[in-house]
Amino acid sequence: MAARHQGPDLAGLFVVLPRTPDRASAMVRELEDCGASVALMPLIDFQFPADTALLDRALNSLKAGRFAWVVFTSVTTVRAVTRRCAALGIRPDAVVPADTRIAAVGAGTRQALEEIGFDIDFLPDTDQSARGLAASWPDPSGSDPEGGDLRVLLPQADVADPSLNDALTSLGWDVRAVTAYCTVDYPAAGVRFTPAVPGEGLLDPEAFAASAPAGPRAVVLTSPSIARRFVRRCAPVPAGTLLVAIGESTAARMRELGVDADAVAKQPTPAGIAQALSIAMSTGPTP
């Protein structure tokens, strides 16, 4: 007999995920296992910057061993770096030398790196976010007994919050932040590095905004960029719609935009999202 799923009971809940299928599969499985029905409504997409020269130089420097650390803050960053390595003729599993340490933000990012073949040296224990990584980052004075290189490579989005860069710099690290990808409205018009998504079966934002939920309905906002586009394209949010944020940074952006999260996930994982949806169902929409 198959083991019963241990997640919360989300039976009857219709969940809208503003993600593309290649980025939503794990979350869809978790929510459906909990009894929810799920629809995808992509709002953002990703593409390489028009000029990749800075990124290319950074990746070649990484391969040459010129960084003590490389920090990956998202699965999207891993995908962008992997795709760009292939274009440069660098094997993705060879771009990080054995003596360069790897930090990851979140379990999903760690899994993406492990699938390439990397061992992760640092992952925040509790707050698995850029903020949590900065708060628990090792002091440089104890990182290298020889007092050597303190350079950190930080590939990131063009709209990345500068707080992680600032925090590591204030600790004494020499951080080189480089744009690995650009966040754009869906669908991307430039050189993309994620699979093309067929339009069939995807929810249209304008249709969503014009409809009233027939039963309990929730939207999971999984980044500040998605929150901004959701408010721009779907406001006013139909009455009765629950809004769940994947983390505090997304919840903060929602407040700046004039909407409140009905629940905030304690961990940015499919299980954490399921628990937050359960809480939102029990408390109801924020007035």
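You'll find the structure just up there.
Residues numbered from 1 in each chain as written. Predicted model: local features only at pLDDT ≥ 70, side-chain atom pairs only at ≥ 80, totals over all residues. Heavy atoms only, no water.

**Student:** Mind showing me how you'd approach the overall build of the chain here?
**Tutor:** For the chain, the helix and strand inventory stands at 10 helices and 10 strands. Expected size for 287 residues packed as a compact globule is a radius of gyration near 19 Å; at 20 Å, the chain falls within 12% of this value. Considering only C-alpha atoms, the chain reaches an extent of 65 × 45 × 40 Å along its principal axes. Here the chain holds 287 residues, and 47% of them are scored as buried. Long-range pairs, those at least 24 residues apart, make up 68% of the contacts in the chain with a sequence separation of at least 6. Of the charged side chains in the chain, 25 are positive and 32 negative; the average position of the first set lies 4 Å away from that of the second. (Helix = DSSP H or I, 4+ residues; strand = E, 2+ residues; numbered from the N terminus. Rg over C-alpha atoms; globule rule 2.2 N^0.38 Å. Buried < 20%, exposed > 50% of the residue type's maximum accessible area, 1.4 Å probe, protein only. Contact = heavy atoms within 4.5 Å. Lys, Arg positive; Asp, Glu negative; His and termini not counted. Charge placed at Lys NZ, Arg CZ, Asp CG, Glu CD.)

**Student:** Looking at this structure, I do not really get the packing of helix H3 (residues 75-88) against helix H4 (residues 107-116). What am I missing?
**Tutor:** The axes of two packed helices give the description: the angle between them and the distance between them. Direction vectors running N to C along H3 and H4 enclose 25 degrees, while the axes themselves pass 8 Å from each other. When the axis of H3 is compared with that of H4, the two are roughly parallel. For the pair H3 and H4, the contacting residues are Val75, Val78 and Thr82 in the first and Gly108, Thr109, Ala112, Leu113 and Ile116 in the second. Class assignment of the residues belonging to the contact of H3 with H4 gives a composition of 5 nonpolar, 3 polar and no charged. (Axes fitted to C-alpha atoms, helices over the stretch in contact; angles between N-to-C directions. Parallel < 35°, antiparallel > 145°, perpendicular 65-115°, else oblique. Nonpolar A, V, L, I, M, F, W, Y, C, P; charged D, E, K, R; others polar.)

**Student:** Explain helix H1 (residues 21-33) here, please?
**Tutor:** In this model H1 runs 17 Å from its N-terminal to its C-terminal C-alpha over 13 residues, within 8% of the 18 Å that 1.5 Å per residue would give. The sharpest bend along H1 comes to roughly 35 degrees, located at methionine 27. Looking at the residues trailing H1, positive phi occurs at glycine 35, about 105 degrees. (Expected span 1.5 Å × (residues − 1). Bend = angle between axes of the 7 residues up to and from the residue.)

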